[in-house]
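Residue strings, one per chain:
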Amino acid sequence: MIITVQQHLQQQQQEFGSEASGTFSYLLSGITLATKIIEAKIRTAGLGDVLGAFGAENVQGEQQQKLDVYANQVMLHCLGLRDTVAALVSEEDEEPVTFDRSPETGKYIIIFDPLDGSSNIDVNVNVGTIFSIHKRLPAAEGDLDASILQPGTKQVAAGYVVYGPSTVFVYTAGNGVHSFTLDPTIGAFVTTQENMKMPEQGQYYSVNEANASQFPAGYQEYLRQLREGEAGKAYSSRYIGSLVADFHRTLLKGGVFLYPPTAKQPGGKLRLLYEANPLAFIAEQAGGMATNGTGRILEIEPRGIHQRTPFMVGSRFEMETLAKCLEA
Ligand code: P6P
């Protein structure tokens, strides 16, 4: 039976109420629309003049790819039109985009990385869009900035789209993790898996080995145990270098993804608000774990919208083994 993201949300509303409401469904439809537009451009990237560098740097000091700029403009346009949006926070923009809407109308904050891993596009490797949704705080509890800088535990929904051999939309609204595949013949994301569970233990570890000598000793010992089969099984290494693709494999197959602190980036490379938090929410909803090496990602109190964090995420067995190595 064909069930789209919106229909799935409405089913969740009947079952769980809360954020799976009509306005929320309309909000999420802004994300699915934007990602379908982005997907169409990615699929034909080599045919038009959208590959390569845009010729400017983003707030991260990274070379913007033309598709980064395009994807960001599409997300801002599609979501800005949803009157339930109070603010949009993008990896590509230094400051949030805010809308002059009352707290009664502008109820949601959407934080997103419009095109993660875009440096891989020119070599036709999977990339992704990641999003995190917070509810605007009541005026008595804080202003718009406070609503944006909420810890990951307060997310009302989070998800990603991975643009690969097929285009897959994965989300949670706090009641399980569900995936949908874009059916290009009807232009809709259609249910493919409900209530996804991350395997208790996997067979892959995913880390940029080129940085290994810079990792703190506990991480080096952990990776040695995985490599030497001392953690209960022989692991294989998989590292695509595109966070959404490496995470999606970890969600489906289990194992662990790590971006530990390095000498060059002691605070980590990946961003808390629009990379670690949404993926940590999904991982925990699927029975996995996500930490910064000392505590739950979701409990970190954000200080800034582009704040970075060490990010380790994966199956319970691998994450508990990591914790033992880091405590030793
Ligand atoms: P490194 C892509 O630029 C990205 O932000 C993530 O998608 C990916 O996981 C990470 O950086 C890769 O970083 O340092 O291993 O190239």
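Residues numbered from 1 in each chain as written. Predicted model: local features only at pLDDT ≥ 70, side-chain atom pairs only at ≥ 80, totals over all residues. Heavy atoms only, no water.

- An unreviewed UniProt entry lists the protein under the name Fructose-1,6-bisphosphatase class 1, from Granulicella rosea.
- What UniProt states about the protein under its Subcellular location (unreviewed entry) heading is, verbatim, "Cytoplasm".
- Recorded in UniProt under Sequence similarities (unreviewed entry), the annotation for the protein is "Belongs to the FBPase class 1 family." (UniProt positions renumbered as here; feature names shortened; annotations may be inferred.)

Considering the pairing of strand β7 (residues 157-163)
Move 1: Across the seven residues of β7, seven count as buried, placing the element largely inside the fold.
Move 2: Burial along β7 is two-sided: Ala157, Gly159, Val161 and Tyr163 and Ala158, Tyr160 and Val162, pointing in opposite directions, are all buried.
Move 3: Of the strand pairs in this sheet, strand β6 (residues 127-135) and β7 are connected by seven bridges, and their pairing is antiparallel. Counterpart to Gly128 in the pairing with β7 is Val162.
Move 4: Taken together, β7 and the strand that follows it, strand β8 (residues 167-172), pair antiparallel across an intervening segment of three residues. (Buried < 20%, exposed > 50% of the residue type's maximum accessible area, 1.4 Å probe, protein only. Helix = DSSP H or I, 4+ residues; strand = E, 2+ residues; numbered from the N terminus. Pairing = 2+ DSSP bridges.)

Looking at the domain arrangement of the protein
Move 1: As far as domains go, the protein holds domain 1 (5-193) and domain 2 (204-327).
Move 2: Of note, the centres of domain 1 and domain 2, computed from C-alpha atoms alone, are 23 Å apart.
Move 3: Listed as interface residues are 44 residues of domain 1 and, on the opposing side, 31 residues of domain 2.
Move 4: Buried surface at the junction of domain 1 and domain 2, both sides included, amounts to about 2700 Å², of which 65% is carbon and sulfur.
Move 5: Considering only the side of domain 1, the residues that lose the most area to domain 2 are Ile130, Leu149 and Tyr160, jointly responsible for 21% of the buried surface there. (Domains from an automatic or database assignment. Contact = heavy atoms within 4.5 Å. Buried area = accessible area lost by both parts, 1.4 Å probe.)

Topic: the sheet that holds strand β12 (residues 236-237)
Move 1: Strand order in this open sheet of five strands is β12-β11-β13-β17-β15, and the pairing throughout is mixed. With partners counted over all chains shown, the strands left at the sheet margins are β12 and β15 (289-291), one partner each.
Move 2: Where helix α7 (residues 272-285) meets the sheet, its contacts fall on β15 and β17 (311-314), and the angle it forms with β17 comes to roughly 25°. (Axes fitted to C-alpha atoms, helices over the stretch in contact; angles between N-to-C directions.)

Quick look at the site of the ligand
Move 1: Lining the immediate surroundings of the ligand are Asp116, Gly117, Asn208, Tyr239, Gly241, Ser242, Leu243, Tyr259, Lys269, Arg271 and Glu275.
Move 2: Contact between the ligand and Tyr239: an oxygen atom at 2.5 Å from a side-chain N or O atom of the residue.
Move 3: Starting from 400 Å² of accessible surface for the ligand in isolation, the protein chains cover 81%.
Move 4: For the shell around the ligand, the class distribution of residues is three nonpolar, four polar and four charged. (Near = heavy atom within 4 Å. Polar contact = N/O pair within 3.5 Å; in protein donor to acceptor, adjacent residues only side chain to side chain. Areas by Shrake-Rupley, 256 points an atom, 1.4 Å probe, with all protein chains shown as cover. Nonpolar A, V, L, I, M, F, W, Y, C, P; charged D, E, K, R; others polar.)

As for the UniProt feature "domain: Fructose-1-6-bisphosphatase class 1 C-terminal" (unreviewed entry) in the protein
Move 1: As annotated in UniProt, the feature "domain: Fructose-1-6-bisphosphatase class 1 C-terminal" (unreviewed entry) corresponds to residues 198-326 in the numbering used here.
Move 2: Structurally, residues 198-326 is divided into 36% helix and 16% strand, and its ends, taken at the C-alpha atoms, are 23 Å apart.

What to know about the nonpolar core
Move 1: Among the nonpolar cores identified, the biggest contains 39 residues, and Tyr160, Val170, Phe247, Leu251, Ile297 and Phe311 are the most heavily contacted of them.
Move 2: When residues of this core are assigned to their parent elements, the largest contribution, nine residues, is made by α7.
Move 3: Shared between two domains, this core takes at least three residues from each, and those domains are domain 1 (5-193) and domain 2 (204-327). (Core = buried A, V, L, I, M, F, W, Y, C linked by side-chain atoms within 4.5 Å.)

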